[in-house]
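Topology and contacts: notes
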Amino acid sequence: MNFQLLILCGGKGERLKPLTDNIPKPLVKIKDNTILGHIINHLSFYNIKDIIVATGYKSEKIKEYIKNNHSDLNLKIVDSGDVDIIQRIKDSVPYIKDDIILLYGDTLSDVNIDDLVRFHHKQPGKATITVWPLHSEFGVLEVDDSGMISSYQEKPVLDKWINIGYFYLEHEVLQWLDNFFSFEKYIEHLIEIKELNGYKHIGGHITVNNLKEHKNAEENIEKIYNKWKIARCHNG
């Protein structure tokens, strides 16, 4: 079961300014490493070394970072400039020879790649999206017909799931990208034709889109990866 990794690293990170005034979002520091560095370190535990990095904003900074920090990996940079996500993926397709796992370059998670791959190959669909439980940022109340509050939960985990990336895409479905002008429409199409599986991840997850999320990442990054490393060592 051969596959490559594609990491989307082209965003400007407008909501992370001033942290992104001079660097692209994936190079924003979380504790002692960059977002991209944390992602690559996580992948290294699965001996994944064939990685495509789809860049845009300040691509030269990412090239320099990889040259100085990850020269041992088989990393291909594909610079598409200021374009939509789907165009970055399309531009990367000529360098993709196998299936791919597609990651967002602003998402930190302890997704078990081995489990994701096994799950995908047991399912009927040709594509899999990794989903995570929706955590409410607010206290949630239920009101009965009389207007009386019947229950209250402080920031509960809801019975809904959100997209956190970690897509497993078989090589065949990459050929369908040319029919679409947005990644959202492409995903909707996969759902409509019943080719999209959902892998439920209940471990750690942080998206770094704004300064509040950056602070959350600084406070919780070690919890995510230390817990994952301990579990992985325990399982051999």
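Structure: see above.
These lines cover the structure that appears in this document, whether it is placed above or below. Since we're looking at a predicted model, the values are computed, not measured.

**Here's the deal with the pairing of strand β1 (residues 3-9)**
In terms of residue burial, β1 counts as a mostly covered element, since 6 of its 7 residues are buried. Of the pairings in the sheet, the one linking β1 to strand β6 (residues 99-104) comprises 6 bridges and is parallel in character. Bridge assignment links Leu8 to a residue of β6, and that residue is Tyr104. By the bridge criterion, 5 bridges tie β1 to strand β4 (residues 50-55) in an arrangement that is parallel. Within β4, the residue paired with Leu6 across the bridge is Ile52.

**Some thoughts on the environment of Ser136**
Locating Ser136 in the fold gives a position in the loop between β8 (127-135) and β9 (140-143). Residues Ser136 and Pro156, 20 residues apart in the sequence, show an inter-C-alpha distance of 5.6 Å. Dropping the residues within four chain positions of it, Ser136 is found in contact with Lys155, Pro156 and Leu158. Polar side-chain contacts of Ser136 include one of 2.9 Å to the backbone oxygen of Phe138.

**Some remarks on the pattern of salt bridges**
Under the defined criterion, the tally for this structure stands at 7 salt bridges. A salt bridge links Lys12 to Asp82; its shortest N-O distance comes to 3.4 Å. Taken as a pair, Lys12 in the loop between β1 and β2 (29-30) and Asp82 in the loop between β5 (74-79) and α3 (85-92) lie far apart in primary sequence, 70 residues in all.

**A word on helix α4 (residues 113-122)**
By the burial criterion, the buried members of α4 are Ile113, Leu116, Val117 and His120. Buried residues of α4, viewed axially, fall in a sector of 95°; they line one side. If you check the start of α4, you find a side-chain oxygen 3.1 Å away from the backbone N of Asp114, and it comes from Asn112.

**Remarks on unusual backbone geometry**
For the bond running from Lys17 to Pro18, omega is 10°, close enough to zero to count as cis. Relative to the helices and strands, Pro18 is located in the loop between β1 and β2. Located in the positive-phi region is Asn47, a residue other than glycine, with phi close to 60°. Along the polypeptide, Asn47 turns up in the loop between α1 (35-44) and β4. Residue classification places Asn47 among the exposed residues on the basis of a relative accessible area of 58%.

**What about the nonpolar core?**
Grouped together as the largest cluster of nonpolar side chains are 39 residues, with contacts concentrated most on Leu43, Ile51 and Ile113. Secondary-structure elements contributing two or more residues to this core are β1, α1, β4, α2 (59-69), β5, β6, α4 and α7 (211-234). Looking at this core, the element that brings in the most residues is α1, giving 5 residues. Setting aside chain neighbours within four positions, we find Ile51 in contact with Leu5, Ile7, Leu43, Leu73, Asn74, Leu75 and Lys76. Ranked by size, the runner-up nonpolar core spans 26 residues in total, among them Leu8, Ile86, Ala127 and Leu174.

**Points about a nonpolar patch on the surface**
On the surface, a nonpolar cluster with roughly 390 Å² of combined accessible area is contributed by Leu141, Val143, Ile149 and Tyr152. Listing elements by their share of the nonpolar patch, those giving two or more residues are β9 and β10 (149-153). Mapped onto the elements, Ile149 comes out in strand β10. Residue Ile149 is classed as partly exposed on the basis of its relative accessible area, which comes to 44%.

Here is what the cut-offs are and how they apply
Residues numbered from 1 in each chain as written. Predicted model: local features only at pLDDT ≥ 70, side-chain atom pairs only at ≥ 80, totals over all residues. Heavy atoms only, no water. Buried < 20%, exposed > 50% of the residue type's maximum accessible area, 1.4 Å probe, protein only. Helix = DSSP H or I, 4+ residues; strand = E, 2+ residues; numbered from the N terminus. Pairing = 2+ DSSP bridges. Contact = heavy atoms within 4.5 Å. Polar contact = N/O pair within 3.5 Å; in protein donor to acceptor, adjacent residues only side chain to side chain. Salt bridge = Lys/Arg side-chain N within 4 Å of Asp/Glu carboxyl O. Arc of directions from axis to C-beta. Core = buried A, V, L, I, M, F, W, Y, C linked by side-chain atoms within 4.5 Å. Patch = residues over 30% accessible without salt bridge, like charges linked within 9 Å, V, L, I, M, F, W, Y side chains within 5 Å. Areas by Shrake-Rupley, 256 points an atom, 1.4 Å probe, with all protein chains shown as cover.

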